Amino acid sequence: MSSHALLVLFGSQTGSAQDTAERIGRQAQRRHMRVRVEALDSYNVANLISESLVVFVCATTGQGDPPDNMKKFWRFLFRKSLPADSLCRLDCAVLGLGDSSYPKFNFVAKKLHKRLLLLGANMLLPVGLADDQHDLGLPPRYVFHFLDEVPDKQTEHLQTPPTPLQPFPARVVFNQRVTHPSHFQDVRHIELDITGSNIHAGDVVMMRPCNAAEDVEQFCQLLKLDPERYFTLTPTDSSTVPARLPQPCSVRFLVEQFLDISAVPRRSFFEVLATFASNELERDKLLEFSSAQGQDALHSYCNRPRRTALEVLADFPHTTVELSIDYLLDLFPEIQPRSFSIASSLLQHPNRIQILVAVVKYKSMLFKPRKGLCSSWLASLDPSTGDVYVPLWVKKGSLSFPQDPDTPVIMVGPGTGVAPFRSAIQERAAQGKMANVLFFGCRSESKDFYCRSEWEEKVQAGQMILVTAFSRDQEEKIYVQHRVKEQSKLLWDLIAKKNAFFYIAGSAKQMPASVCDALKEVFQKEGGMSENQAQEMLDAMEKAKRFQSETWS
């Protein structure tokens, strides 16, 4: 969304809606959006048809009337002559500020929302109804109703093919560490059985991790929740219950598989938490972290050491005990899916998906090491203790390979960046496409040279050329970009004379730019080009999809 311009329009009687609109504007600016905030009556309403993204913030006066500074806008919007599709290009949302002690609670926001829909606008969210009577100004989105007994187990009917809402439970076949025990980085080669999944193609596997068992236990203890109890949710507004939460749902499922309790919390987390604090010391600290002036303190407390939301709850025990359960889904975001490049071909490994996973673990100033949620969860799955499953679905990746069997393919994939190229080389070899060149880089030949025996077999079989760079095995560091320059004759021949495709995959730090610079040097050296001509050649390759990259941070 960052490329969008956002317009925030407000109708305000006492100044609350203006203040809220300006806060929304500041939040959007923090996310690098271009923002304008205007009163509805000072805005030329005829321009609304050409806006793409608008948030309306409007109060309701005592008798359900619009505020004075939006009356002109109101009259124009309710003209009968306006065509039904006049706002079809508009994405928008409506936030109402009202008081539920009045009979026409948020009447203006509700009516505006309906009218915008009638004029063809695309509503990004259900209408937001803020209530001045409420401690927080906003009621919780859902109310929990705990059940006295355990409901019958529902049998799930799997859709085909798997989707984010109905992933396929793939059994873990093996989970092997592929780095030397003395190497600082634990990297796993994991194989998943997808027999019966109806997955026939895909480049990227998607999955949602689970929170660690000890974190789930600590969370339930802090909030005095019984993980085995079941509940149903009732929305307090026109929104629906999240589709991933079964109804009824167990507390264990909610905490283990839905709430992202190990993420670093945002400022809004502290704002909500502060409203429950009756302990003066804790409340003052939470209010400081919620304020504009307290952002440096919040950064030092939370972002710099990567403190998790669960750890914050443990640091504010008096407030945590007073926390209303109804606000759990307002406090904690949903666990987001993670993606991994598939590192195997179904032609070579039928009914199997293999991935390479670097396990994220590092020290911060906190006593406990920081861990990546998904990689740590995957590393903990041990098939030798019994059947373990990863619910997954697949999607298409961004890399596309040439159909012509004679077109050479040059792949630069250091570290786990080699994953999509292992899949491509297996696939191409099975189809008789032998013009494959792989540049692989890692720290040490003896410690993190992934898939070494497989590459050596494929080189022996004439299915590929392998060029390696082991950065720490000699005095000076040698990376894949150095090898690209060394292989200038081979690369120029393949690219200039044989129309080769060139690919980069891996970490988005310096490597992709360094490899691009090395490739341009090859063009200059072997093709007698100027710096500008080399850049133009690379740009032309990119436009023709002969240069592609897939990088991640």
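Refer to the preceding data block for the structure.
A short tour of the structure in this document, coming up.

Calculation rules
Residues numbered from 1 in each chain as written. Predicted model: local features only at pLDDT ≥ 70, side-chain atom pairs only at ≥ 80, totals over all residues. Heavy atoms only, no water. Core = buried A, V, L, I, M, F, W, Y, C linked by side-chain atoms within 4.5 Å. Buried < 20%, exposed > 50% of the residue type's maximum accessible area, 1.4 Å probe, protein only. Helix = DSSP H or I, 4+ residues; strand = E, 2+ residues; numbered from the N terminus. Contact = heavy atoms within 4.5 Å. Arc of directions from axis to C-beta. Polar contact = N/O pair within 3.5 Å; in protein donor to acceptor, adjacent residues only side chain to side chain. Phe/Tyr/Trp six-rings, centres within 6.5 Å; stacked < 30°, edge-to-face > 60°. Lys NZ or Arg CZ within 6 Å of the ring centre and 35° of its normal. Disulfide = S-S within 2.5 Å. Pairing = 2+ DSSP bridges. Right-handed = clockwise from strand over helix to strand, strands pointing away.

### Re the nonpolar core
Counting residues in each nonpolar core, the largest one holds 42 residues, and the members touching the most others are Phe219, Leu254, Leu328, Leu329 and Phe332. A per-element tally of this core places helix H6 (residues 267–274) first, with 5 residues. Contact partners of Leu254, with chain neighbours within four places excluded, come to Phe144, Phe231, Leu245, Cys249, Leu259, Leu328 and Leu329.

### Some thoughts on unusual backbone geometry
Here the amide bond leading from Gln247 into Pro248 is cis, since omega sits at -5 degrees, within 30 degrees of zero. Along the chain, Pro248 turns up in the loop between strand S11 (230–235) and strand S12 (249–250). At Asn198, a residue that is not glycine, the phi angle is positive and equals roughly 65 degrees. Of note, Asn198 is situated in the loop between strand S9 (187–193) and strand S10 (204–207). Residue classification places Asn198 among the partly exposed positions, given a relative accessible area of 40%. A positive phi angle is found at Lys224, which is not glycine, with a value near 55 degrees. Note on placement: Lys224 falls in the loop between helix H4 (213–222) and S11. Residue Lys224 is classed as exposed on the basis of its relative accessible area of 65%.

### Digging into the environment of Leu6
For Leu6, the location among the structural elements is in strand S1 (residues 5–11). Along the sequence, Leu6 and Cys92 sit 86 residues apart, while their C-alpha atoms lie 9.6 Å from each other. If near-sequence neighbours (up to four positions away) are discounted, Leu6 is found in contact with Ala28, Met33, Arg34, Val35, Arg36, Leu53, Val54 and Val55.

### Description of helix H7 (residues 280–290)
All buried positions along H7 are accounted for by Glu282, Leu286, Phe289 and Ser290. Taken end-on, H7 shows its buried residues confined to a sector of 100 degrees, consistent with a single buried face. Looking at H7, the residues exposed on the side facing more than 90 degrees away from the buried face are Glu280 and Leu281. On the buried face of H7, the contacting elements are H6, helix H8 (295–303), helix H9 (309–315) and helix H10 (317–322). For H7, the N-terminal cap is Asn279; the gap from its side-chain oxygen to the backbone nitrogen of Leu281 is 3.1 Å.

### Things to note about the packing of aromatic side chains
Enumeration over the complete set of coordinates arrives at 21 aromatic pairs. Considering the side-chain rings of Phe219 and Phe332, the 5.4 Å spacing of their centres and the 70 degrees angle between planes classify their relative orientation as edge-to-face. In this pair, Phe219 sits in helix H4 while Phe332 sits in the loop between helix H11 (328–331) and strand S13 (338–341), placing the two residues 113 residues apart along the sequence. Taken individually, Phe219 and Phe332 each receive the classification buried, so the pair is uniform in this respect. Residues Phe289 and Tyr301 carry aromatic rings whose centres are separated by 5.0 Å and whose planes lie at 15 degrees to one another, so their mutual orientation is stacked. Separated by 12 residues along the polypeptide, Phe289 in helix H7 and Tyr301 in helix H8 bring together distant segments of the chain. Exposure class is identical for Phe289 and Tyr301. Each is buried. Taken together, Phe219, Phe269, Phe270, Phe289, Tyr301, Phe316 and Phe332 form an aromatic cluster joined through their ring pairs. The aromatic ring of Phe107 is capped on one face by Lys104, whose charged end is 4.8 Å from the ring centroid.

### Concerning the state of the cysteines
One covalent bond between the sulfur atoms of two cysteine residues makes up a disulfide. Counted according to the given criterion, the structure contains 0 disulfides. The thiol sulfur of Cys451 is not disulfide-bonded, and the nearest other cysteine sulfur, from Cys442, lies at 11 Å.

### Comments concerning the pairing of strand S19 (residues 436–442)
Where burial is concerned, most of S19 is hidden: 7 out of the 7 residues are buried. Side chains of S19 alternate between two faces, with Asn436, Leu438, Phe440 and Cys442 and Val437, Phe439 and Gly441 buried alike. Pairing analysis gives 4 bridges linking strand S18 (residues 409–412) to S19, with the strands arranged parallel. Across the sheet, residue Val412 finds its bridge partner in S19, namely Phe439. Running through helix H13 (residues 419–430), the crossover from S18 to the neighbouring parallel element S19 is right-handed. Bridge count between S19 and strand S20 (residues 465–470): 6 bridges; the pairing is parallel. Following the sheet pairing, Phe440 is matched in S20 by Thr468.

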